[in-house]
Amino acid sequence: MKIRPPSNAAAIWKAKDKAFEHRRPWEALLNEVYDKILVYRDPAERSGGVGAARMNHLFDSTAVSSAFRFAGRLKNDIAPSLQPFFKIELGPAAKARLSKADFDRLSKGLQDVSAAAYAAIDTPGFHAATSEGCVDLTAGQAAILISEGDADEPVIFEAVPAIDVALMEGRAGKVTEIHYARKFSARVIAARWPDAVRDNKLPKAVMDALGKDGNSETEFEVAQSTFWNGEDRRWELHVVMAGAGSKGDGYVEIHTQNTRTCPWLTPRFFKVPGEAQGRGPAMMALPDVRVLNKTVELTLRAAALAIMGLWTRTQGLNAASTLNLQRLAPGSMIPVTSNQSANPEIRALDVPRNFDVSNIMISEFRERIREILFDRAIPQSRGDTPRSASEVIEHIRIYAEDLAVVYGRLVQEFVVPLVQRVLELLYKQNLLPDLIQIDQLTANVKIVSPLADAQNMNDLTRVTRWLELMAGTVGEDALMMSAKVEDVGEYFARKLGVPEELIREAKERGDVQKLIAAMAARREQQEAAA
């Protein structure tokens, strides 16, 4: 029996509360991650308001800078700017059922679909949202809302703070509920859901705030809850507000959507079995970040004590010398009755003036934090000898291997649903003649991002080594018997993402072979006649 989503506003609000209650044990951990590492991604209402100084409590910025460097690199690896990072292709099921000619013809047709989808995605809004989402992904999970736009911007991308989102899982660890709850001003509510204003669905308090004598900046809590309907095999998005009753009680649904694809992208860096919330490298780095911040703090305090010192001062004869200076800080003066021997009025206390052990610890912890957050710059050259190409390639290979498992999850939870969602929105706006179903069997999404290119280069290297080994060991004749050398060019082209119009079809290759054979025969006849 498939469970249907809740059908009324009160039940939807209750499901939202249950999801956030389920996520409550994460609050302390997430707050610390955003407080110590992702300080510039914490929502303003949670971090002191607009324009607040967010790093005054930190004593070292290594984790903050490394997290942002990794987020930028991760974004460039999965969705680079000004470069297509996916292609829509026919899948293995289509290849098994279609002739080679039909397969090649349909493959070229899908290039136009890929170009249209990429044109809708390659916008400033998408790249801004993805950059912000990758910062959240460093903590374990991103949340990007994809909505239908207008003629000027067909698809709208919005990265929401993942700390404000709660997930619930269903079968096989797949996300089946996404709840996003926060306060919006009446002005923003009217702008985001104009149909609610048109259909008079907003609570009276919101309408009063939007009125002539109201304050449109008054904020109201809004829940955006999205459910997977397993019975209808569709996604339902419900926007619910509280305070619908005459006494401010009750709930009202102000907007709803029913779509084939999920309006949310909620990729997770990695996850622990039984947990819906993702975990990320920022959580792994947290113990080292704590120690590093405290070590640097103590080092600075020790340096201040070494420079300013602590002093004792006898309580002298005038009122100025009897001030209460009990707080111990660099330069403090502690009232005493006597300073021994000559009894000077002011006398320095002995304080530690050497804290060298901290320098070793600080360097070690900074390096470990960079390592955990994948902030791995290519090592500096040794003296005048530059790093060799093999060293650089090995450095890139290690980075790609470390992210291999994460890369697979990001493809399935970010790139594929992104393309599916955009295709549906373009079809809904009559910008595509047909709705292409991406099921990874009939049609699939091929990744051509830099990280995928690295994997493809490994595949090409294996094939190249095999061909070279065969040619050098058993000769070219045996190589021709063992390998389909006539198909190697097409294999290389597809692995490198070469446009379809530049790849010859099987029939064209056969025609070229016949032409080459005819030219060779003519040349032999001319040489024989000469």
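Reading the values: the criteria
- Residues numbered from 1 in each chain as written.
- Predicted model: local features only at pLDDT ≥ 70, side-chain atom pairs only at ≥ 80, totals over all residues.
- Heavy atoms only, no water.
- Pairing = 2+ DSSP bridges.
- Helix = DSSP H or I, 4+ residues; strand = E, 2+ residues; numbered from the N terminus.
- Axes fitted to C-alpha atoms, helices over the stretch in contact; angles between N-to-C directions.
- Salt bridge = Lys/Arg side-chain N within 4 Å of Asp/Glu carboxyl O.
- Buried < 20%, exposed > 50% of the residue type's maximum accessible area, 1.4 Å probe, protein only.
- pLDDT = per-residue confidence, 0-100.
- Contact = heavy atoms within 4.5 Å.
- Parallel < 35°, antiparallel > 145°, perpendicular 65-115°, else oblique.
- Left-handed = near helix turned anticlockwise from the far one by under 90°.
- Nonpolar A, V, L, I, M, F, W, Y, C, P; charged D, E, K, R; others polar.
- Phe/Tyr/Trp six-rings, centres within 6.5 Å; stacked < 30°, edge-to-face > 60°.
- Lys NZ or Arg CZ within 6 Å of the ring centre and 35° of its normal.

Enquirer: Can you help me understand the sheet that holds strand β5 (residues 175-185) in this one?
Expert: Neighbouring strands of a sheet are bound in pairs by backbone hydrogen bonds; such pairs are parallel or else antiparallel. Taken in spatial order, the five strands make up an open sheet running β4-β5-β6-β7-β8, and their pairing is antiparallel. Either end of the sheet is taken by a strand with one partner, and the two such strands are β4 (165-169) and β8 (251-259). On average, adjacent strands in this sheet sit at an angle of 15° to one another, irrespective of strand direction. One ladder, built from eight bridges, connects strand β6 (residues 219-229) with strand β7 (residues 234-242); its direction is antiparallel. Across the sheet, the residue bridging to Gln224 is Val239, located in β7.

Enquirer: In this structure, what is going on with the pattern of salt bridges? I would like to understand it.
Expert: Opposite charge on two side chains permits them to pair, given that their charged atoms come into close proximity. Going through the model one piece at a time under the given rule, you end up with 27 salt bridges. Residue Glu89 is joined to Lys87 by a salt bridge in which the shortest nitrogen-to-oxygen separation is 3.8 Å. Across this residue pair, the class does not change: Glu89 and Lys87 are buried. Salt-bridge contacts for Lys271 lead to Glu169; the nearest nitrogen and oxygen are separated by 3.2 Å. Within this pair, whereas Lys271 is found in the loop between β9 (264-265) and α10 (281-308), its partner Glu169 is found in strand β4, the two being separated by 102 residues in sequence. For Glu169, a relative accessible area of 26% puts it in the partly exposed group.

Enquirer: Whenever I open this one, the confidence of the model for the protein chain confuses me. Can you help?
Expert: When pLDDT drops low, the exact placement of atoms in the prediction is not to be read closely. Residues with a pLDDT of 70 or more make up 83% of the protein chain, whose mean pLDDT is 82. Averaged over each element, pLDDT in the protein chain is lowest for helix α12 (residues 389-402) (63) and highest for β9 (96). pLDDT under 50 marks residues 317-325. Its contacts with residues more than four places away, or in other chains, come to 11 contacts.

Enquirer: Looking at this model, I keep getting lost on the pairing of strand β3 (residues 155-159). Mind explaining?
Expert: Every regular strand shows the same layout, with side chains that alternate between the two sheet faces. Burial of β3 is one-sided: the residues Val155, Phe157 and Ala159 facing one way are buried, the residues Ile156 and Glu158 facing the other way are not. Pairing analysis gives five bridges linking strand β2 (residues 144-148) to β3, with the strands arranged antiparallel. From the neighbouring strand, Ile146 faces β3, where its bridge partner is Phe157. Linking β2 back to β3 in an antiparallel pair, the connection comprises six residues.

Enquirer: Quick question: what am I supposed to make of unusual backbone geometry here?
Expert: Note on backbone geometry: most residues besides glycine have negative phi, and most peptide bonds are trans. Located in the positive-phi region is Phe374, a residue other than glycine, with phi close to 60°. Turning to its location among the elements, Phe374 is positioned in the loop between α11 (357-372) and α12. Of note, Asn430 is a non-glycine position whose phi angle comes to about 60°, a positive value. By the element assignment, Asn430 lies in the loop between α13 (404-428) and β13 (443-447).

Enquirer: I keep staring at the pairing of β4 and nothing clicks. Help me out?
Expert: By the criterion of burial, β4 is predominantly enclosed, with four of the five residues buried. In this structure, β4 lies alongside β5, joined through five bridges in antiparallel fashion. Across the sheet, residue Leu167 finds its bridge partner in β5, namely Ile178. The loop that links β4 with its antiparallel partner β5 comprises five residues; one of these, Ala172, has a positive phi angle of about 60°.

Enquirer: Please explain the packing of helix α3 (residues 62-78) against helix α6 (residues 124-139) as it appears in this structure.
Expert: Two measures define how a pair of helices packs: the angle their axes make with one another and the distance between the axes. Between α3 and α6, the shortest axis-to-axis distance is 8 Å and the interhelical angle comes to 125°. Classified by the angle their axes make, α3 and α6 are oblique. Where α3 crosses over α6, the two elements pack in a sense that is right-handed. Along the contact surface, α3 presents Ala67, Phe68, Phe70, Ala71, Leu74, Lys75 and Ile78, while α6 presents His127, Thr130, Ser131, Cys134, Val135, Leu137 and Thr138. Classifying every residue of the contact of α3 with α6 by side-chain character gives nine nonpolar, four polar and one charged.

Enquirer: Even after reading the chapter, I still don't get the packing of aromatic side chains, so can you show me in this structure?
Expert: Each aromatic ring pair is summarised here by two numbers: the centre-to-centre distance and the angle between the ring planes. A full pass over the atoms with the stated rule returns 14 aromatic pairs. With a centroid separation of 6.0 Å and 5° between ring planes, the pair formed by Phe85 and Phe126 is classed as stacked. Remark: Phe126 occurs in helix α6 and Phe85 occurs in the loop between α3 and β1 (86-90); sequence separation between them is 41 residues. Neither residue differs from the other here; Phe85 and Phe126 are each classed as buried. Judged by centre distance (5.8 Å) and plane angle (75°), the ring pair of Tyr180 and Trp264 falls under edge-to-face. Of this pair, Tyr180 sits in strand β5 while Trp264 sits in strand β9, placing them 84 residues apart in sequence. Looking at Tyr180, the relative accessible area reads 1%, which means it is buried. Given a relative accessible area of 3%, Trp264 falls into the buried group. The side chain of Lys16 reaches across the aromatic face of Trp13, ending 3.9 Å from its centre. Of note, Arg182 hangs over the ring of Phe184, and the distance from its end group to the ring centre comes to 4.7 Å.

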